[in-house]
Amino acid sequence: MVESLGLTFVLPNTFDSVDDADYLFLAQSMTPRSLFTIDADTPAVTQGAARPGESLSNLQLDGVDAVIVTDAAIEGLPPGVSSNELRVSNGASSFSAIMSGATEDLPELWDVFVR
């Protein structure tokens, strides 16, 4: 839960939250290895175009504009690691959530979060 955003969500039970001043929420899974972050963003977060290799899916979450970015282009990821991102435009409660993990593990982990 991220109280400042009024946000509740579910992650696979392999994730443990970690205190980190750089993010509103940070969790990691050791098996399979994965990292999940949530941070505040601007209401324009859903307006960006896809970068090379990304695919965007527009959706509504409880009447709020959102975009799922599959194969998000995140700098510095090592080979074999992929990321997906959820961007939500909700005024002062806008945010982005990013999950990174082994390319073969990410779809199953991500599915638990976006369900």
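Preceding this section is the structure that the text describes.
Residues numbered from 1 in each chain as written. Predicted model: local features only at pLDDT ≥ 70, side-chain atom pairs only at ≥ 80, totals over all residues. Heavy atoms only, no water.

Caption draft 1: Focus on the side chain of Asn84. Mapped onto the elements, Asn84 comes out in strand E6 (residues 81-89). With relative accessibility at 6%, the residue Asn84 sits in the buried group. Within the structure, the side chain of Asn84 is placed 3.1 Å from the backbone nitrogen of Asp71, a separation counted as a polar contact. Once you skip the residues sitting within four places of it in the chain, Asn84 turns out to touch Val69, Thr70, Asp71, Ala72, Ala97, Ile98, Met99, Leu106 and Trp110. (Helix = DSSP H or I, 4+ residues; strand = E, 2+ residues; numbered from the N terminus. Buried < 20%, exposed > 50% of the residue type's maximum accessible area, 1.4 Å probe, protein only. Polar contact = N/O pair within 3.5 Å; in protein donor to acceptor, adjacent residues only side chain to side chain. Contact = heavy atoms within 4.5 Å.)

Caption draft 2: Expanded view of the pattern of salt bridges. Under the definition given, this model contains three salt bridges. Between Arg51 and Glu54 there is a salt bridge, with the nearest N and O atoms lying 2.8 Å from each other. What makes Arg51 partly exposed here is its relative accessible area of 36%. Taking the relative accessible area as the measure of exposure, Glu54 reaches 9% and is therefore buried. A salt bridge links Arg87 to Glu85; the nearest nitrogen and oxygen atoms lie 3.3 Å apart. Here Glu85 falls in the buried class, since its relative accessible area comes to 7%. (Salt bridge = Lys/Arg side-chain N within 4 Å of Asp/Glu carboxyl O.)

Caption draft 3: Just the pairing of E6, in detail. Burial analysis of E6 places eight of its nine residues in the buried class, which makes it a mostly covered element. Both strand E5 (residues 64-70) and E6 contribute to a ladder of five bridges, which runs antiparallel. Across the sheet, residue Val67 finds its bridge partner in E6, namely Arg87. Of the pairings in the sheet, the one linking E6 to strand E7 (residues 95-102) comprises eight bridges and is antiparallel in character. The partner of Val88 across the bridge, within E7, is Phe95. Between E6 and E7, which pair antiparallel one after the other, the connecting turn spans five residues, and Gly91 there sits at a positive phi close to 55°. (Pairing = 2+ DSSP bridges.)

Caption draft 4: Summary view of the nonpolar core. If you look at the biggest cluster of nonpolar residues, it comprises 22 residues, and the most contacted ones within it are Phe9, Leu11, Phe36, Ile38, Leu86, Met99 and Phe113. Mapped by element, the contributors of at least two residues to this core are strand E2 (25-30), strand E3 (33-40), E5, E6, E7 and helix H1 (106-114). Sorting elements by how many residues they give to this core places H1 first, with four residues. The contact partners of Phe9, leaving out residues within four places of it in the chain, are Met1, Val2, Phe25, Phe36, Ile38 and Phe113. (Core = buried A, V, L, I, M, F, W, Y, C linked by side-chain atoms within 4.5 Å.)

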